[in-house]
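# Observations on chain architecture
Each chain is listed here by its residues.
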Amino acid sequence: MNVVIAWLRLDVRRRWRSLAVLALLIAISGGTVLTSLAAARRGASAMDRLTARTLPATSAILPNTLGFPWDKVRALPEVAELSTFGPSVPIPGFPPTVEADLALDEFITRTIERPVIRQGRMWDQTRTDEALASPRFMSQFHQAVGDTVTLNLPTPAEYQAHQGSGPDGAYTGPRLALRIVGVVIAPWLRDSPGDQGGIMLSPAVAARYPENVVGSRDYKLQYVNAIVRLNGGRAAIPQLRADLVRITGRGDIDVWDLAEQFARPIQRQAAFESRCLVAFAAAAFVAAMFLVGQAIVRYAAASTAELQTLRALGMSPQQAIVTAAAGPAVVGVIGGALGVAGAIVASRWFPFGTAKLVEPAPGTSLDWVVLAPGLIVVVVLVAAGAASAAWLSLGAARRTASARRSTVATAVAATGLPTAVVVGTRFALESGRGRTSIPVRPALIGAVTGVLGVLAAFTFSHGVTDATDHPERFGQTYQLNAFLGDNGEDIAPPDKLLAALRANRDVIGVDDARTAVATGSDGNSSVTLYTYTTASKPIDVVVTSGRMPRTAGEVLLAPRSIKTLGGHVGGQVSLSGSAGKRASFTVTGTGLVPAGFHNGYDDGGWVTDRGYDSIFTNYKFRAALVALRPEARGADAGAKLSAALAKADPALANVFFAPPDLLTEVAQLRQVRVLPIVLGLFLALLAVGAVGHALATAVRRRSHDLAVLRALGMTQRQCRWVVITQASVLAVIGLLLGVPLGLAVGRTVWRVVADYTPLQYVAPMAWWAMLLVAPAALLIANALAAWPGHRAARLRVAQVLRTE
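None of these values were measured; they are calculated from a predicted model. (Residues numbered from 1 in each chain as written. Predicted model: local features only at pLDDT ≥ 70, side-chain atom pairs only at ≥ 80, totals over all residues. Heavy atoms only, no water.)

Where helix 15 (residues 419–429) meets helix 24 (residues 716–756), the closest approach of the two axes is 7 Å, and the angle between their N-to-C directions is 50°. As far as their axial angle goes, helix 24 and helix 15 are oblique. Helix 15 and helix 24 meet at a crossing whose hand is right-handed. Along its contact with helix 15, which presents A420, V421, V423, G424, T425, F427, A428 and L429, the element helix 24 presents Q718, W721, V722, T725, Q726, V729, L730 and I733. Grouping the amino acids of the contact of helix 15 with helix 24 by side-chain chemistry returns 11 nonpolar, 5 polar and no charged. (Axes fitted to C-alpha atoms, helices over the stretch in contact; angles between N-to-C directions. Helix = DSSP H or I, 4+ residues; strand = E, 2+ residues; numbered from the N terminus. Parallel < 35°, antiparallel > 145°, perpendicular 65-115°, else oblique. Left-handed = near helix turned anticlockwise from the far one by under 90°. Contact = heavy atoms within 4.5 Å. Nonpolar A, V, L, I, M, F, W, Y, C, P; charged D, E, K, R; others polar.)

So this is what it looks like as structure tokens:
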């Protein structure tokens, strides 16, 4: 031990710069891996941790009617708590999608959906001037606790007309100055990917201004819905559905399983983001093993060579190995500790994406489940790598096995190509033995992995870009929609509207989409059905399998709904609606549907008008879906179409067209678009490190071969060509294997993501990456060959031969 300590002191004084750089490399690589793993674990558990800290709602009941018997529902034995909510109100001065949500009773935030308070305090529910805000609203619009937001409520007349009478359609009712007293988050009271957040009004607002926010009892175009927390959790939802039918006599009431409708999609997306981080950590770990591992190996091997004198004085091989590994082991501890500290600091910016929206404890996190084992692993790997390198260095002289010859290199030699090309090819493909060995396999693996990773990353990223830039991949094959009524009340004559739309030259597709909720045969499942109009100019529908329905007894179901109903293409499903009778439908296919108020694009179904009328007496919502010719699509397309219809028929003046809202899934995909690129760059770094190390090692360890060739007449320029050929061969092999593998891996991963999301799969092809990867790989390889080639050309031939 005294020998080890004495050597370590001497080594630190002589080579402290090298040790400091080595510690820094270990800290950066270890910190990157630990940060990614800790962030992945934190993001994957965010929703569960939020649920555990709140009193989350189990289900949402959406009858969309005033005067619903909520007292009877609240008295059901399975209902632990119930809270009602009403329509949202736009906030002047903010984008139209930013709204103030309306709480109708005192239970919300107290006995149901009791939130985590991020900043400030809870509101006083008896005050009309206090509001709660979401984190995204605060960050997006640079708000702070204590700031005031001004809100205009509609007058009763404006509420019934669905539009304001003030300038730019503003409401002219009571004016509220709302002070933001707290920033909160709960499973129901949370931001969604892609939205800009909002605020929540106190129940005192509804109590003071009922006709301004929920309408009068004789007005049908309004809604009051509720969230409930059930005794028994999700298992009690079937009983709730059955009791609602018994109480109301209605089978078309939409009852959501909130865990399935909201929590599970968030967990799925957070899990996907976490898997991306784990893949990132794996790539960083592999890069560290190649890059930092090579530095450790070189350091330990150099120390072993210097210890040969002490071995002649009696030092045992075991003592030499321990002594050579002591320095790297110490900096492994220091670098690992710095990496852990860096991971703790970096945790402030994680989790990211969807998981960040539901993280109950943002800020710095000390995840010792990851950090403590990670520190141990870093120290053990560094020490073991240094010891292994020392042992291999000590035993190098005893390895006398002949080196394997490369078939490709032999074939190149037989073609009569220049000597520089032949020697360079052998350097690239033949590792050699003992002191002249070259890390050929790591270089080849690194080159293939680098090309594969970059091309796979850009292929996957192209798939993401294509999907997010083309809403039709998510079933949005229409560019405009218009709200036409709810609860059976039309706001415009539908026949005139449809005729005017079909007569418009800019319109290439129209659908009169009536919507209602049907209940499955087990009473534990529901599906939102849309009518598909097959008259002139029907809109396109994304059909993933089978076909669209053609008769009254057929239905096409979205992926999630076909699973919920337990159906399959060609099979039968039994559905019932407000008509009070049950009908059997043949499932003709699976596909995507419009994203509506109560359903997502992968949750619902299409039926014919006659099929719809067989189980429903009316509709819950009605909308016109309009597809435009490409030349007519633009930011003002909705305003132009509305103006054209109003000019053609004044009865259509109150119909307004707008683009469909951005889908949550589009925003979720955009959040992870950068990760594949970063992963590809890490793998490219791996390739650069592996190839660069192989080139430098070849010149150093085979300097004798080069010196002999120089003595036989090889010029300095030919020596450079040896290294250039070696680099080019590695690059070409990387391209030959990496390009097809990268394209296949990128498309395979994108198909998995497309099926997982789900969305329409279109094979991605990153043309620019395909065109540039070959010249880029050759250019980088030859750039890496510049310095080793210069060293090869400047070898002191006489000194090398004399030393050998």
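Next up on the list: the pattern of salt bridges. Using the criterion set out here, one finds 24 salt bridges in the structure. Between R514 and D609 there is a salt bridge, with the nearest N and O atoms lying 3.3 Å from each other. Placement of R514 in strand 13 (residues 507–520) and of D609 in helix 19 (residues 609–613) is noted, with a sequence separation of 95 residues between them. The partner of D636 in a salt bridge is K640, with the nearest N and O atoms 3.5 Å apart. (Salt bridge = Lys/Arg side-chain N within 4 Å of Asp/Glu carboxyl O.)

Right, let's get into the nonpolar core. Ranked by internal contacts, the top residues of the largest apolar core, which has 42 residues, are F137, I199 and L240. It is strand 7 (residues 175–185) that provides the largest number of residues to this core, a total of 4 residues. Ignoring anything within four residues of it in the chain, the contact list for L240 reads S59, I61, L76, E78, V79, V228, L230 and V255. (Core = buried A, V, L, I, M, F, W, Y, C linked by side-chain atoms within 4.5 Å. Buried < 20%, exposed > 50% of the residue type's maximum accessible area, 1.4 Å probe, protein only.)

A complete count under the given rule lists 14 aromatic pairs for this structure. Seen in terms of ring centroids, F460 and W750 are 5.6 Å apart; in terms of plane orientation they differ by 85°. Their pairing is edge-to-face. Pair noted here: F460 is in helix 16 (residues 440–469) and W750 is in helix 24, with a separation of 290 residues, a long-range link. Here the aromatic residues F85, W188, W256 and F262 are joined through ring pairs into a cluster of three or more. It is R268 that lies over the ring of Y756; its NZ or CZ is 4.1 Å from the centre. (Phe/Tyr/Trp six-rings, centres within 6.5 Å; stacked < 30°, edge-to-face > 60°. Lys NZ or Arg CZ within 6 Å of the ring centre and 35° of its normal.)

Here we take up the pairing of strand 20 (residues 621–628). Here strand 20 lies mainly inside the structure; 7 of its 8 residues are buried. Looking at chain direction, strand 11 (residues 480–486) and strand 20 are connected through 6 bridges and run antiparallel. Looking across to strand 20, one finds that A482 is bridged to A624. As defined by bridge partners, strand 13 adjoins strand 20 across 8 bridges and the pair is classed as antiparallel. Looking at strand 20, one finds that A513 is bridged to A623. (Pairing = 2+ DSSP bridges.)

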